Amino acid sequence: MLTMAPLARQIESLRSAGVQITNMEVSGLPKVKYLQTMPRLRRAVKDVDLIHAHYGYCGWLARTCRSKPVVVSFMGDDLLGTPNVQGRLLPLSQLAVLTNKRLASMVDAVIVKSAEMARVLAPLTAHVIPNGVDLETFAPMDKQEAHLQLGWPANKRHVLFPGNPAAARKCYPLADAAVKSAQHQLKEAIELVVLWDVSPRHVPLYMNACDAMLMTSFIEGSPNVVKEAMACNLPLVSVPVGDVPELVEGVSGYDVRPRDADEIGAALAGLLLQRPAVHGRQALIRMGLGLDSIARRICGLYESVLQSRATHI
């Protein structure tokens, strides 16, 4: 069950590791698509050993197939909630969090993307396994070549904003204000480039063409885009969200600042002006966050779940 490129890459990495996968994407009318998917799911699970559902709603759907062990990956807002433009959690999302905590106690194993998410489920055991990064797709390349392919001027600063600017939880206004603050400090123009509605194959190109990236979200699990930026050695200024502080701690070229436009702008101006050595890719490899490493961890969990289910039959 997937809708995003990182999940597609994870599935392919599991296939490369020898796992036979039948993929089922939930689709249809928004309010009834899970019910519409149920007959297809029940037909498909007859020939599988285990169901791995991505996202809370999919987990509830998988839970209806009582004869098969279920692993659920919670992705972020399904356990942390969805904020409004002020950062306060929407009431319906709080209800969803409560129901998903109940789901976590009903399945065979739970994967979460960060220690913060695991704490939401405590004392229930959750396996912290973030999505891996395709280190071949996301790799440093010549900035001038990236500018040329995108048709960007080479004499202008570009800062990347990853996500839909209309999505409240991404907090685009903070990023915009931080860039304006950095412009004031540097006395030069900075273009804030929105990474949204961009083909997945072009994302590495955008990352290599930009001078830095901002992460200003109210809520994240383990944001794939941060790890992908690190794989490209793209500098980053982030607020303390999700597992970003742990990912970039002590890594040259990366900075975590409070949710203040001037502080973020000052850190951004410093990165753009000083151009420090960037060691994001090296740190990512050291932490074992490549696709192959993560696939091995997931395979190990599958084996544990299947062995546990076999002993209780």
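Preceding this section is the structure that the text describes.
The sections below set out a description of the structure shown in this document. (Residues numbered from 1 in each chain as written. Predicted model: local features only at pLDDT ≥ 70, side-chain atom pairs only at ≥ 80, totals over all residues. Heavy atoms only, no water.)

**A word on the overall build of the protein chain**
Argument step 1. The helix and strand tally for the protein chain stands at 14 helices and nine strands.
Argument step 2. Relative to a compact globule of 313 residues, whose C-alpha radius of gyration would be 20 Å, the protein chain shows 20 Å and is just as compact.
Argument step 3. Its C-alpha atoms give the protein chain principal-axis dimensions of about 70 × 40 × 35 Å.
Argument step 4. Classification of the 313 residues of the protein chain by burial places 51% in the buried group.
Argument step 5. Relative to all contacts within the protein chain whose residues are 6 or more apart in sequence, the contacts with residues 24 or more apart total 63%. (Helix = DSSP H or I, 4+ residues; strand = E, 2+ residues; numbered from the N terminus. Rg over C-alpha atoms; globule rule 2.2 N^0.38 Å. Buried < 20%, exposed > 50% of the residue type's maximum accessible area, 1.4 Å probe, protein only. Contact = heavy atoms within 4.5 Å.)

**A closer look at unusual backbone geometry**
Argument step 1. Across the junction of Ala-122 and Pro-123, the peptide omega takes the value 10 degrees, indicating a cis bond.
Argument step 2. Mapped onto the fold, Pro-123 is located in the loop between α6 (115–121) and β4 (127–128).
Argument step 3. Located in the positive-phi region is Cys-171, a residue other than glycine, with phi close to 50 degrees.
Argument step 4. Here Cys-171 shows up in the loop between β5 (157–162) and α8 (172–186).
Argument step 5. On the basis of relative accessible area, Cys-171 is assigned to the buried category, the value being 10%.
Argument step 6. Non-glycine residue Asp-197 carries a positive phi angle of around 60 degrees.
Argument step 7. Here Asp-197 shows up in the loop between β6 (190–195) and α9 (203–209).

**Describing the packing of aromatic side chains**
Argument step 1. With the rule as written, the count across this model stands at four aromatic pairs.
Argument step 2. Between Tyr-55 and Tyr-57 the ring centres are 5.9 Å apart and the planes differ by 50 degrees, which places this aromatic pair in the tilted class.
Argument step 3. Using a relative accessible area of 45% as the deciding quantity, one classes Tyr-57 as partly exposed.
Argument step 4. Arranged with centres 5.0 Å apart and planes meeting at 85 degrees, the rings of Phe-161 and Tyr-172 form a pair that is edge-to-face. Of this pair, Phe-161 sits in strand β5 while Tyr-172 sits in helix α8; the two residues are 11 residues apart in sequence, bridging distant segments of the chain.
Argument step 5. Judged by relative accessible area, Phe-161 falls into the buried class, the value being 1%.
Argument step 6. Ring-pair connections join several aromatic residues into one group, and the members of that group are Tyr-34, Tyr-55 and Tyr-57. (Phe/Tyr/Trp six-rings, centres within 6.5 Å; stacked < 30°, edge-to-face > 60°.)

**Brief notes about the nonpolar core**
Argument step 1. Formed by 68 residues in total, the largest nonpolar core has its most connected members in Leu-160, Met-207, Leu-214, Val-226 and Leu-268.
Argument step 2. Contact partners of Leu-160, with chain neighbours within four places excluded, come to Leu-192, Val-193, Leu-195, Tyr-206, Met-207, Cys-210, Ala-212, Met-213, Leu-214 and Leu-234.
Argument step 3. Counting 26 residues, the second-largest nonpolar core is a separate cluster that includes Ile-51, Ala-62, Leu-80 and Leu-103. (Core = buried A, V, L, I, M, F, W, Y, C linked by side-chain atoms within 4.5 Å.)

**Structural notes on the pairing of β6**
Argument step 1. Across six bridges, the pairing between β5 and β6 is parallel. From the neighbouring strand, His-158 faces β6, where its bridge partner is Glu-191. (Pairing = 2+ DSSP bridges.)

**Digging into the sheet that holds strand β8 (residues 236–238)**
Argument step 1. Taken in spatial order, the five strands line up as β6-β5-β7-β8-β9 in an open sheet, and their pairing is parallel. Either end of the sheet is taken by a strand with one partner, and the two such strands are β6 and β9 (254–256). Each strand of the sheet is rotated relative to its neighbour by a mean of 20 degrees, with strand direction disregarded.
Argument step 2. Across three bridges, the pairing between β8 and β9 is parallel. (Axes fitted to C-alpha atoms, helices over the stretch in contact; angles between N-to-C directions.)

**Quick look at the sheet that holds strand β3 (residues 109–112)**
Argument step 1. The four strands are arranged β1-β2-β3-β4 in an open sheet whose pairing can be described as parallel. Here the strands that pair on one side only, and so sit at the sheet edges, are β1 (51–54) and β4.
Argument step 2. Where helix α3 (residues 56–63) meets the sheet, its contacts fall on β1 and β2 (70–73), and the angle it forms with β1 comes to roughly 150 degrees.

**Thoughts on the packing of α3 against helix α5 (residues 91–104)**
Argument step 1. Across the interface, α3 lies against α5 with an axial gap of 10 Å and an inter-helix angle of 40 degrees. When the axes of α3 and α5 are compared, the pair comes out oblique. Viewed along their axes, α3 and α5 form a crossing whose handedness is left-handed. Counting all contacts with α3, which are made through Gly-56, Tyr-57, Gly-59, Trp-60 and Arg-63, the residues of α5 involved are Ala-96, Thr-99, Asn-100, Arg-102 and Leu-103.
Argument step 2. Across the contact of α3 with α5, the residue classes break down as four nonpolar, four polar and two charged. (Parallel < 35°, antiparallel > 145°, perpendicular 65-115°, else oblique. Left-handed = near helix turned anticlockwise from the far one by under 90°. Nonpolar A, V, L, I, M, F, W, Y, C, P; charged D, E, K, R; others polar.)

**Some words on the pattern of salt bridges**
A side chain with one charge can pair with a side chain of the opposite charge if their charged atoms come near.
Argument step 1. Under the criterion given, the structure shown has 10 salt bridges.
Argument step 2. The salt bridge involving Arg-15 is made with Glu-12; its shortest N-O contact spans 2.6 Å. Residue Arg-15 and its partner Glu-12 are located together in helix α1 (residues 5–16), separated by three residues, close to a single helical turn.
Argument step 3. The shortest N-O distance in the salt bridge between Lys-156 and Glu-191 comes to 3.5 Å. Of the two residues, Lys-156 is situated in the loop between α7 (143–150) and β5 and Glu-191 in strand β6; the sequence distance between them amounts to 35 residues.
Argument step 4. Under the relative-accessibility criterion, Glu-191 is labelled partly exposed at 33%.
Argument step 5. Each of Arg-169, Lys-170 and Glu-220 takes part in salt bridges that share partners, so that together they form one network. (Salt bridge = Lys/Arg side-chain N within 4 Å of Asp/Glu carboxyl O.)

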